[in-house]
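Chain residues, written in single-letter form:
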Amino acid sequence: METRKTAIFTDLDGTLIDFNDYSSELARPYVQRLIELGYLVVFCSSKTFQEQRVLQEELGIEMPCIVENGSAIIAPPGFWDESITPVRIVNGWQRVELGKPAAEIRQRLARVESKFGESLLGFSRMMTEDVASITGLDIGSARRAQEREYSETLSAKLPQDVWESLDSAFEYEGLKCLPGGRFHTVIDSSADKGAAIRKFAELWKAQSSETLVSFGLGDSENDQELLENVDWPHLVKRPNGSWAGIDGRRIERVNGVGPRGWVKVAKQLLGETPAKV
Ligand SMILES: [Mg+2]
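The protein is annotated in an unreviewed UniProt entry as HAD-IIB family hydrolase of Pelagicoccus enzymogenes.

Here is the structure:
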């Protein structure tokens, strides 16, 4: 008999957690119920492992997660069968890495900045207090946001066409620059949320007889690859009540802002509401 495992790949900021106050309160009971019922709830965001772990601890869960826009899949001890999947162990957790170390990203970024002629205001080179004040994060969270292992967050405020004019310089350095909800993120050009999800599915298939069924939830352009690489993609509304302009015929546009939309999809999975959200 074929058995199935459902994995929910979810963005965080503006999707599972509130865009403005970063609260996870609305989704919390649903995340816990889904996990109790055997679902995998896999965070997939631009956030670092440290940030994602803090959120997991807040929710009382221990799950694999995809960090820094697809740069690595990091799973709890024993999640992957190490006789099948090569992993790097850091503090007991299993890492499958798709991106490159931050030091290398920052070196390449410096070359882009010198061509451009000004700093793009990377978080790692800012005072923690300044990161806290522009993000609204407390000092501890701001420090974690600075400690990126595979990417760099840029806080420069530039017109869209200026960002676009930098694309070829990033590309030349083997980097890509992704617009997020508030900031831009620079990562190795080989890493993306979609590639990480495909890798996750491939690793799963290699070690399990259960068929992986994937749900995806996101809120912004930065989630395009996430949504393209799951069986059931869902787009929640942004704080202004609109949906991000993402193409994709199969995408279900959920009538709810951020976590409110997330909860609607969770209720559907839990059978609390009819299939149409
Ligand atoms: Mg988001």
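**Q** Hey, could you run me through the coordination of the magnesium ion in this one?
**A** Those donors, D11 (OD), D13 (O) and D219 (OD), are the protein atoms that reach the magnesium ion, and they lie 2.2 to 2.3 Å from it. Ordering the donors of the magnesium ion by residue number gives the pattern D-x1-D-x205-D. Note on D13: relative accessible area 29%, which makes it partly exposed.

**Q** Where do I start with the nonpolar core in this structure?
**A** In globular proteins that are soluble, nonpolar side chains generally tend to be buried together. Counting residues in hydrophobic clusters, the biggest one holds 66 residues, and the most contacted among them are L16 and W262. The biggest single contributor to this core is helix α7 (residues 193–207), with 6 residues. If you count residues domain by domain, this core takes at least three from each of domain 1 (4–99 + 191–269) and domain 2 (102–188). L109, L154, L166 and C177 belong to the second largest nonpolar core, which has 13 residues in total.

**Q** What exactly am I supposed to notice about the pairing of strand β2 (residues 40–44) here?
**A** The side chains of a regular strand alternate, residue by residue, between the two faces of the sheet. A large share of β2 lies buried, amounting to 5 of its 5 residues. Across the two faces of β2 the burial is the same, with L40, V42 and C44 and V41 and F43 all buried. Strand direction decides the pairing type here: strand β1 (residues 4–10) and β2, joined by 4 bridges, are parallel. By the bridge assignment for β2, I8 is matched with V41. In this fold, the crossover linking β1 to β2 by way of helix α1 (residues 28–36) has right-handed handedness. Alignment of β2 against strand β3 (residues 65–67), held across 2 bridges, turns out to be parallel.

**Q** Please explain the sheet that holds strand β6 (residues 93–97) as it appears in this structure.
**A** The strands that make up a sheet are held in pairs by hydrogen bonds between backbone atoms, and each pair lies either parallel or antiparallel. Strand order in the open sheet made by the 9 strands is β5-β6-β4-β3-β2-β1-β10-β11-β12, with mixed pairing throughout. The open sheet has two free edges, formed respectively by β5 (88–90) and β12 (252–257), since each of these has just one partner strand. With strand direction ignored, the average angle separating the axes of adjacent strands in the sheet is 25°. Sheet topology places β3 next to strand β4 (residues 72–75); 3 bridges connect them, and they run antiparallel.

**Q** It is not clear to me how the domain arrangement of the protein should be interpreted in this structure. Could you clarify?
**A** Quoted interface sizes are often the accessible area lost when the parts come together. In terms of domain boundaries, the protein breaks down into domain 1 (4–99 + 191–269) and domain 2 (102–188). On a C-alpha basis, the centroid separation for the pair domain 1 and domain 2 is 23 Å. Contacts between domain 1 and domain 2 engage 22 residues on the former and 19 residues on the latter. Buried surface at the junction of domain 1 and domain 2, summed over both partners, amounts to about 1700 Å²; 48% is from carbon and sulfur atoms. For the interface between domain 1 and domain 2, the tally reads 4 salt bridges. The shortest N-O distance in the salt bridge between D192 and K176 comes to 4.0 Å. Residue composition of the side of domain 1 that touches domain 2, grouped by class: 7 nonpolar, 8 polar and 7 charged.

**Q** Just to check I follow, could you spell out the pattern of salt bridges for this structure?
**A** When the charged atoms of two side chains lie near each other, side chains of opposite charge can form a pair. All chains considered together, the criterion is met by 16 salt bridges. The salt bridge involving E104 is made with R108; its shortest N-O contact spans 2.7 Å. Of the two residues, E104 and R108 both sit in helix α3 (residues 102–116), 4 residues apart, roughly one turn of that helix. What makes E104 partly exposed here is its relative accessible area of 31%.

**Q** Would you mind going over the sheet that holds strand β9 (residues 184–188) with me for this structure?
**A** The 3 strands lie next to each other as β7-β9-β8, forming an open sheet whose pairing is antiparallel. Edge strands, defined here as strands with exactly one partner in the open sheet, are β7 (151–154) and β8 (175–179). The sheet shows a mean angle of 25° between the axes of neighbouring strands, taken without regard to direction. Where β8 meets β9, 5 bridges bridge the pair, whose relative direction is antiparallel. Counterpart to C177 in the pairing with β9 is V186. Contacting β7, β8 and β9, helix α6 (residues 160–172) crosses the sheet at an angle of about 150° to β8.

Reading guide: rules and limits
Residues numbered from 1 in each chain as written. Predicted model: local features only at pLDDT ≥ 70, side-chain atom pairs only at ≥ 80, totals over all residues. Heavy atoms only, no water. Donors = N, O, S within 2.8 Å, 3.2 Å for Na, K, Ca; no water. Buried < 20%, exposed > 50% of the residue type's maximum accessible area, 1.4 Å probe, protein only. Core = buried A, V, L, I, M, F, W, Y, C linked by side-chain atoms within 4.5 Å. Helix = DSSP H or I, 4+ residues; strand = E, 2+ residues; numbered from the N terminus. Domains from an automatic or database assignment. Pairing = 2+ DSSP bridges. Right-handed = clockwise from strand over helix to strand, strands pointing away. Axes fitted to C-alpha atoms, helices over the stretch in contact; angles between N-to-C directions. Contact = heavy atoms within 4.5 Å. Buried area = accessible area lost by both parts, 1.4 Å probe. Salt bridge = Lys/Arg side-chain N within 4 Å of Asp/Glu carboxyl O. Nonpolar A, V, L, I, M, F, W, Y, C, P; charged D, E, K, R; others polar.

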